[in-house]
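# Architecture at a glance
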Amino acid sequence: MSVRTGPLASEAPAPAPADSIRRGELAAFLRSRRERIAPEQVGLPRGPRRRTPGLRREEVAYLSAVGVTWYTWLEQARDIHVSAQVLDSLSRALMLDSSERAHLFALAGTADPTPANETTVLPSGIRKMLTQLEPFPACVQNARYDILAYNRTYGRLLGDLDTHPPEDRNCMWLAFTDPDWAAAMPDRKETIRLMAARFRSRMAEHLAEPAWKALLKRMERYSPEFRELWERHEVARAVDQTKRFRNPHVGMLSFTYHGLWLGPAEGARLGAYVPQDQETQARVERLYELVTGEQ
């Protein structure tokens, strides 16, 4: 039996390029957001002959101050460039919330110059988890190393965290600039090198965001050590690892660090420090007794 060859032969279709898939997702997302908004919600008359659910394309174009043809091409998944300014206008016209806005910019492959402010208000359940983990030290950090919440043991692990104003409660800032934190880090040289490398890796997705740029500028201004490490252009990703601290009250402590992501990877995470040996366990329990005795 002969086998057909040439144009009549059955061939698997070539996979769609990633950019084409992303443009298709962007087009579908825009259509879905447009169709859910009633004209009255944005101050437009419905009219007697409206058949389109939600807004028409020309109405979205009008509200966002872009051309009708250009917006139509966008919903048709055409290969066109979309600026951050236009995406911002579309986000407002389509009444997107913070999650939808972030999704819009991600699909467009464009950094959001004015992202929604990151909230420092955590669910009460997360704060209860921090308390329940005591005497183990634990905290919640975001990708910039900002400490969003911590339990009492963590608050005394590398000094007295409560004495620092909220804007200074950042692990990278304290590791590079605070003498108490430096004294509590027996492996400080390698730790700060990895911190700078991880910060560079994470910042690649946040280059246009004011909070990230402000922290980088502050670090470069006040820490020659950070400037030297930053200029190496090293990158690294966060991994669970052994951490050692020299606590001023109970001595040397050895932990296994476990980072539990609370959202997308490289976002906010709950970090727990689990004692590696009985000696550390006993010393952590002693630290907890000292801390709670101060309350």
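Residues numbered from 1 in each chain as written. Predicted model: local features only at pLDDT ≥ 70, side-chain atom pairs only at ≥ 80, totals over all residues. Heavy atoms only, no water.

Right, let's get into unusual backbone geometry. Cis geometry marks the peptide bond from Glu-134 to Pro-135; its omega dihedral reads 15°. Along the polypeptide, Pro-135 turns up in the loop between helix H6 (124-133) and strand E1 (138-141). The phi dihedral of Ala-65 falls on the positive side, at around 60°, and the residue is not glycine. Take Ala-65: it is sitting in the loop between helix H2 (57-64) and helix H3 (68-75). A relative accessible area of 72% means that Ala-65 is categorised as exposed. Phi is positive for His-233, which is not a glycine, with a value near 60°. (Helix = DSSP H or I, 4+ residues; strand = E, 2+ residues; numbered from the N terminus. Buried < 20%, exposed > 50% of the residue type's maximum accessible area, 1.4 Å probe, protein only.)

Packing of helix H1 (residues 18-35) against helix H5 (residues 98-108) brings their axes to within 9 Å, and their N-to-C directions diverge by 150°. When the axis of H1 is compared with that of H5, the two are roughly antiparallel. Crossing angle aside, the handedness with which H1 passes H5 is left-handed. Together, Arg-22, Glu-25, Leu-26, Phe-29, Leu-30 and Arg-33 of H1 and Glu-100, His-103, Leu-104, Ala-106, Leu-107 and Ala-108 of H5 make up the contact between the two elements. Residue classes in the contact of H1 with H5 are distributed as 7 nonpolar, 1 polar and 4 charged. (Axes fitted to C-alpha atoms, helices over the stretch in contact; angles between N-to-C directions. Parallel < 35°, antiparallel > 145°, perpendicular 65-115°, else oblique. Left-handed = near helix turned anticlockwise from the far one by under 90°. Contact = heavy atoms within 4.5 Å. Nonpolar A, V, L, I, M, F, W, Y, C, P; charged D, E, K, R; others polar.)

Turning next to the environment of Gln-241. Of note, Gln-241 is situated in the loop between helix H12 (224-230) and strand E3 (242-247). Using a relative accessible area of 24% as the deciding quantity, one classes Gln-241 as partly exposed. When the C-alpha atoms of Gln-241 and Gly-259 are compared, they prove to be 9.5 Å apart, with 18 residues separating the residues in sequence. Setting aside residues no more than four positions away along its own chain, Gln-241 makes contact with Leu-194, Arg-198, Phe-255, Thr-256 and Tyr-257.

Here we come to the pairing of strand E2 (residues 147-150). By the bridge criterion, 3 bridges tie E1 to E2 in an arrangement that is antiparallel. Bridge pairing links Gln-141 to Ile-147 in E2. Between E1 and E2, which pair antiparallel one after the other, the connecting turn spans 5 residues, and Tyr-145 there sits at a positive phi close to 75°. (Pairing = 2+ DSSP bridges.)

Let us look at the nonpolar core. Core analysis: the biggest nonpolar cluster contains 38 residues, and Tyr-154, Leu-157, Met-172, Trp-181, Phe-199 and Phe-226 have the highest contact counts within it. Secondary-structure elements contributing two or more residues to this core are helix H8 (171-177), helix H10 (188-203), helix H11 (210-222), H12, strand E4 (251-261) and helix H13 (278-294). Ranked by residues supplied to this core, first place goes to H8 with 6 residues. Setting aside residues no more than four positions away along its own chain, Tyr-154 makes contact with Pro-137, Ala-138, Cys-139, Ile-147, Leu-161, Cys-171, Trp-181 and Tyr-273. Residues Leu-30, Ile-37, Val-82 and Ala-108 belong to the second largest nonpolar core, which totals 21 residues. (Core = buried A, V, L, I, M, F, W, Y, C linked by side-chain atoms within 4.5 Å.)

In this section: the side chain of Ser-201. For Ser-201, the position within the fold is in helix H10. Taking the relative accessible area as the measure of exposure, Ser-201 reaches 11% and is therefore buried. Leave out the neighbours within four places in its chain, and Ser-201 touches Val-235, Ala-236 and Arg-237.

In contact at an axis separation of 12 Å, H10 and H11 are set at 150° when each is read in the N-to-C sense. For the element pair H10 / H11, the angle class is roughly antiparallel. Between H10 and H11 the crossing geometry is left-handed. In contact with Phe-199, Arg-202 and Met-203 of H10, H11 contributes Trp-212, Lys-213, Leu-215 and Leu-216. Taken together, the residues of the contact of H10 with H11 sort by class into 5 nonpolar, no polar and 2 charged.

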